Amino acid sequence: MASEIATELAEQADRALTDAADVAVLRSLEAGTWPATTWDAMAALGLNGALVAEDAGGVGLGFSDVAPLLEVLGRHAAPVPLAESIFGNALLAAAGITPPEGALSFGSRNGAIPWGRHAGHVALLDGARIALYPAAALAWEEAGNIGHEPRDRARIIGAPIAEAVLPNGWGAEAGLLCTALMRSAQIAGAMQAALALAVDHANTRKQFGRPIGRFQAVQQQLAVFAAETSAASVAAAAAARAVDRRGLAAAAFEIGCAKITVGEAATRGAAIAHQVFAAMGITEEHQLHHFTRRLWSWREEGGSEAFWAKRIGQEAQALSGALWPFITAREEEIIP
C-alpha cells in the first residue's frame, strides 16, 4: 500500500497534469513541439528524485509508493519524461552517480531513448555499466513510437560526466526491468483513462432512443474492460512490491508477469474502447486515440508479452514440477 506522502504526490501530479496536459498539449507534442510549460509544472513538484534516498538528496520513496504516480502519468498520457527521469535518477544513484537537475532519460547504448532529444542528460546502459552524458555529448537520430512520443537513437560525440557499475541487486538487466515496471504502471493508468472515456460515451451516445450503455452487449464489454483495467493495476502494484522486498534483479519474475498481464489487458481494453466509440474514436478530433496508441506502444517497450512469456516459461520448465510452491513462496514474501 502506498504511503500518505506517495498518495499526496500522486494527487498533486494529477492536479498539475489536469491543468497542463490537456488534449491540445498532446496534439502539439505530436506535431513536434516540446511542452515546456507542462515540464515546468511537473518539475516544480520535485519528483525527479522520488526513488533516490533522502541522504542523497531525493524523496526516498519505494517502488510501491511510485506506482500510483506512474498510473497518474499514464492516465494523462503525460507528454514529458517524468517517469524516465524518476527511474533514470534511481539507476544513477544506485551506481553512486549524483543525479543531475532537469529532464533525464535512460536506455541502452544501442537502443531507442525515450525523449532523447528533449532530455538535458541521458543515462546510457551497457549491461551493468551506466554512464551519464550531457545533452551536448550526444547527437540524435530522431524517431518516435506509435503514440508519436520521441524514441531517438543516440550517437556519442563527447565524453560522459560519470561512469560506474550498478550493484548486484540491480544487475545487468536493470534498464530492461525498470522500463518494464515503468510501462506496466503507465499502461494501467492509460487504461483507466480510456475506460472512463468509453463509459462516458456509452452513457451519452444514443441509438434507437436510448444510451448505448443500456444495451447488454455493451455493458458486458465494458465489464470486461473494467476487469482488465483492475488486473493491470494490481499486477503493476504487485511487481513494485516485489522490487521493494527483494530488489530489482530478484523481482524479474514478478515484473515479467506484470508486463504480460498489462500487455494482454491493453490489447483487449483498447479493442473494446474502439468498439464502443466506433469510427469516432480514431478521428483526430477525439482524444481516445492518444491513449490507445500509447497502450499499443508501451506494451512493446520493456519486453513484449511474447518476450516475457518465453522467459518465464523457460524458468518454469527448469523448476521440474515445483512451479506452485515456487509461486506461493514468492507471494508470501511480498504480502505484509
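None of the values given here were measured: they were computed from a predicted structure.

Student: When you look at the nonpolar core in this model, what are you seeing that I'm missing?
Tutor: Core analysis: the biggest nonpolar cluster contains 63 residues, and F87, L91, I130 and W170 have the highest contact counts within it. Residues in contact with I130, not counting those within four places in the same chain, are L91, L92, A95, I97, A123, L124, L125, A162, E163, A164 and L166. Core analysis: the next-biggest nonpolar cluster, separate from the first, contains 29 residues, F225, I272, A273 and L288 among them.

Student: I'm lost on the environment of R330 in this one. Help?
Tutor: By secondary structure assignment, the location of R330 is in helix 11 (residues 323-334). The sequence separation of R330 and P79 amounts to 251 residues, and the corresponding C-alpha distance is 36 Å.

Student: What should I look at first to understand the packing of helix 8 (residues 252-277) against helix 9 (residues 288-298) in this one?
Tutor: Pairs of packed helices are described in terms of their axes, by the angle between the two and the distance that separates them. Where helix 8 contacts helix 9, the two axes come as close as 9 Å, and the packing angle between them is 150°. By the angle class used here, helix 8 and helix 9 are roughly antiparallel. In this structure, the crossing between helix 8 and helix 9 has a hand that is left-handed. Residues K259, A266, A270, A273, H274 and F277 of helix 8 pack against L288, T292, L295, W296 and W298 of helix 9. Of the residues belonging to the contact of helix 8 with helix 9, the class tally is eight nonpolar, two polar and one charged.

Student: It is not clear to me how the layout of surface pockets should be interpreted in this structure. Could you clarify?
Tutor: The gaps of empty space that remain are located by a probe, the size of a water molecule, rolled over the atoms. Each pocket or cavity is described by its volume, and for the largest pocket that value is around 410 Å³. The wall of the largest pocket is formed by 21 residues, among which G107, S108, A112, T179 and G302 lie closest to the centre. Of all the secondary-structure elements, those providing two or more residues to the lining of the largest pocket are strand 1 (104-108), strand 2 (112-114), strand 3 (121-126) and helix 6 (174-204). Ranked by residue count, the leading element in the lining of the largest pocket is helix 6, at five residues. For the lining of the largest pocket, the per-class residue count stands at eight nonpolar, eight polar and five charged. The computed volume of the second largest pocket comes to approximately 290 Å³. What lines the second largest pocket is a set of 17 residues, and nearest its centre among them are N48, G49, G57, P100 and E101. Looking at the lining of the second largest pocket residue by residue, the class counts come to eight nonpolar, eight polar and one charged.

What counts and what doesn't
Residues numbered from 1 in each chain as written. Predicted model: local features only at pLDDT ≥ 70, side-chain atom pairs only at ≥ 80, totals over all residues. Heavy atoms only, no water. Core = buried A, V, L, I, M, F, W, Y, C linked by side-chain atoms within 4.5 Å. Buried < 20%, exposed > 50% of the residue type's maximum accessible area, 1.4 Å probe, protein only. Contact = heavy atoms within 4.5 Å. Helix = DSSP H or I, 4+ residues; strand = E, 2+ residues; numbered from the N terminus. Axes fitted to C-alpha atoms, helices over the stretch in contact; angles between N-to-C directions. Parallel < 35°, antiparallel > 145°, perpendicular 65-115°, else oblique. Left-handed = near helix turned anticlockwise from the far one by under 90°. Nonpolar A, V, L, I, M, F, W, Y, C, P; charged D, E, K, R; others polar. 1 Å grid on protein atoms, 1.4 Å probe; cavity = no way out; pocket = protein on both sides within 12 Å on 5 of 7 lines; lining within 4 Å. Points joined across faces, edges and corners; volume = space filled by probe spheres on them.

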